[in-house]
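# Notes for the structure review
Listed below are the residues making up each chain.
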Amino acid sequence: MNQMLYIVAMAVMLIGAATAVGASGGGESAEQVTKITLLTDRGTISPGGSMRVGLMFEMKEHWHIYWRNPGEAGLPPRVRWKLPEGFVMSDLRWPTPVQFDQGGGIVGYGYMGKVMLLATLTAPSAEKLETNKSIYIAADVDWLVCNNVCLPGKTAVSVEAAVGEGAIPGAKNEALFAYWDKRLPERDAVKVTQVTGEVGRRVTATMAWGKPVTDATFFPLPDTEVMVTVVKVTNRGEQADVALSVRPIGKLKADAIRVRGLVVWMEDGRRRSSEVDLPLRSAHQEARRK
Amino acid sequence: MNLNLVMRKGLNMGNRLLMGMTVGLVAMFAAAAGYANCGNCDGDKCKGDMKDHAHAAEVGKPAPWFTATDANGNTHDLAALTRQGKIVVLEWFSPGCPFVQKHYAKGSTMNDLAKKYADKDVVWLAVSSTYDLSAGDVAKAAEQWSINHPVLMDQTGKIGRMYGAKTTPNMFIISKEGVLVYSGAIDNDPTAGAPKTGEDAINYVDRALTELLGGKAVTTAETRAYGCSVKYAKEQANASESKMDNAGVACGCEGGGTDKPKEKDKDKDKGKAA
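Structural notes, computed from the coordinates.

Scoring rules and cut-offs
- Residues numbered from 1 in each chain as written.
- Chains lettered and ligands numbered in written order.
- Predicted model: local features only at pLDDT ≥ 70, side-chain atom pairs only at ≥ 80, totals over all residues.
- Heavy atoms only, no water.
- Helix = DSSP H or I, 4+ residues; strand = E, 2+ residues; numbered from the N terminus.
- Buried < 20%, exposed > 50% of the residue type's maximum accessible area, 1.4 Å probe, protein only.
- Contact = heavy atoms within 4.5 Å.
- Areas by Shrake-Rupley, 256 points an atom, 1.4 Å probe, with all protein chains shown as cover.
- Pairing = 2+ DSSP bridges.
- Axes fitted to C-alpha atoms, helices over the stretch in contact; angles between N-to-C directions.
- Core = buried A, V, L, I, M, F, W, Y, C linked by side-chain atoms within 4.5 Å.
- Buried area = accessible area lost by both parts, 1.4 Å probe.
- Salt bridge = Lys/Arg side-chain N within 4 Å of Asp/Glu carboxyl O.

## Notes on the overall build of chain A
Helix and strand counts for chain A stand at four helices and 19 strands. The buried share of chain A, reckoned over its 290 residues, is 45%. Long-range contacts, defined as pairs at least 24 residues apart, comprise 70% of the intrachain contacts of chain A with a sequence gap of at least 6. Surface accessibility of chain A: about 14900 Å² in total, with carbon and sulfur atoms responsible for 52%.

This is the structure we're talking about:
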């Protein structure tokens, strides 16, 4: 009897400990499971010139961060740059993510292992700059890293670079940047040959490659006007049909909208992706035409 | 119960009373599973207006009805609430999720809203569909955060799937006519920081409730919800997909739309016992 009570008591304590309000997986923090570093492709930027900047996320095994469209749950990382005067950073470019099931069929898009987000920094012209000077490129990063639990993280990263004429040969991180460049979505690597349907109803788009490809799928890009869910992708050799559900968020302002997304596929053993635009009419426009 | 009657009236009533006992037992189990409302069924068809509410959630259509037990053991019946003319807010909840913590620990969004509308015939119900979070765990969280509104237990994920709840939080508003009039995020600030205030901050639920109570249509009926994914059990994914397509919600009765028990099995067992 005592043994039973002991077992029950232990069980209760363990359950209590594991499910305390605000408990996170094993007490780890986002900062402990994600290593974030800021890198440049070369050590020097010339006046009026540019350099590539990379924000590297390295996650512990089983943890993932999200793509710019996180899917049906989750949140993409947010980067706020802190730059010296006159310097401009381009928009972030996101390597093609993977799709995963967040449990119960809830779709997620993101990254496991590691990913480097890319951007290009442009320096102001010579008159505005002191050459042979060091600059700091910094960023405040907010991100969500999830496993079975989600941990919100916040950190500041920075990297130093020199300002001068001419790049130093044998630049430090060129190979790394080339690796991640290859994993960025392409443009116009696939053709959209047909789009049927309208906002608020089922939409089907046909993709054509001109050669056989496999494992085609579609990852919607984030949108403020519509919610896009992928219903089904049917692979047909040199073509694929993408069936989407496109629902308006509030009232649509325009009669026509463009659904943007990545078509992702396997070709010759390599994973490729390409951004596509799907022009759609909203339902009331279709009705008027009839 | 009926046992005394069995003894007195003799064995020739045996079959009918066995049926009665079995139905009673099923009702007990159904109540334990949170489906005490099986009076909505007529064989395998839904009775009356229950039929309109027996399908997956869709904004603009009658909301799926269900009964459920909260973390304190009290039963809540959405059909009954609608018939009483209440507006109902459903809030998907998970104490371990930073986006829920945002609205309970960093801010007090949910508690404040529930309180604001409590005396205006708005019933605020949180729902926990996390498969491995018990009523005890939920009750503890509710106490820690001074939550006065009920938190419905949905560990099987059935209600979550009925509504297509994907995130915590995920908000749904059912009008007093029983129509799903809002589905989506609590506000327009998809972050885990303290809730935003100021001109640009929109709380979609607050706005929708004000519009409904003012007899107006809800301006933004659907938004993209943000948060952690609802923690459904992995095995449930395939099991319930087809159920949902076939309006498996079926009258809010467990097991697909009939409140007659599986007679063969039950009678066999009872026969043996007798």
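## A short note on the sheet that holds strand S14 (residues 202-208) of chain A
Residue and element names in this part refer to chain A. Here four strands make up an open sheet; going across it, the order is S13-S14-S17-S16 and the pairing antiparallel. Each edge of the open sheet carries a strand with a single partner, namely strand S13 (191-197) and strand S16 (226-236). Strand after strand, the sheet turns through a mean of 20° between neighbouring axes, direction not considered. Two strands pair when backbone bridges link them, and S16 and strand S17 (residues 239-248) are joined in this way by 10 bridges, in the antiparallel orientation. By the bridge assignment, Val-228 is partnered in S17 with Val-246.

## Observations concerning the nonpolar core
Core analysis: the biggest nonpolar cluster contains 47 residues, and Leu-55, Phe-57, Ile-137 and Val-145 of chain A have the highest contact counts within it. Here Val-145 of chain A is in contact with Ala-30, Val-33, Thr-34, Met-59, Trp-63, His-64, Ile-65, Cys-150 and Leu-151 of chain A, once residues within four sequence places are set aside. Of all hydrophobic cores here, the second largest spans 44 residues; its members include Cys-146 of chain A together with Ile-87, Phe-99 and Leu-113 of chain B.

## A word on the interface of chain B and chain A
With 30 residues of chain B at the interface, the matching set in chain A holds 27 residues. Taken together, the two surfaces of chain B and chain A that pack against each other cover about 2300 Å², and 59% of this comes from carbon and sulfur. Three residues stand out in chain B for area buried against chain A, namely Lys-166, Glu-222 and Arg-224 of chain B, and they jointly supply 26% of the buried area on that side. Applying the counting criterion to the chain B and chain A interface returns two salt bridges.

## Overview of the sheet that holds strand S15 (residues 214-220) of chain A
Residues and elements named next belong to chain A. Strands sit in the order S12-S19-S18-S15 across an open sheet of four strands; the sheet is mixed. Edge positions in the sheet fall to strand S12 (186-187) and S15, since each of these pairs with one other strand and no more. Pairing analysis gives 12 bridges linking strand S18 (residues 256-267) to strand S19 (residues 270-281), with the strands arranged antiparallel. The residue of S19 that forms the bridge with Arg-260 is Asp-277.

## Let's talk about helix H5 (residues 109-116) of chain B
Considered for burial, the residues of H5 of chain B that qualify are Thr-109, Met-110, Asn-111, Leu-113 and Ala-114 of chain B. Here the buried face of H5 of chain B lies against strand S5 (87-92), helix H4 (98-106), strand S6 (122-128), strand S9 (171-174) and helix H8 (204-213) of chain B.

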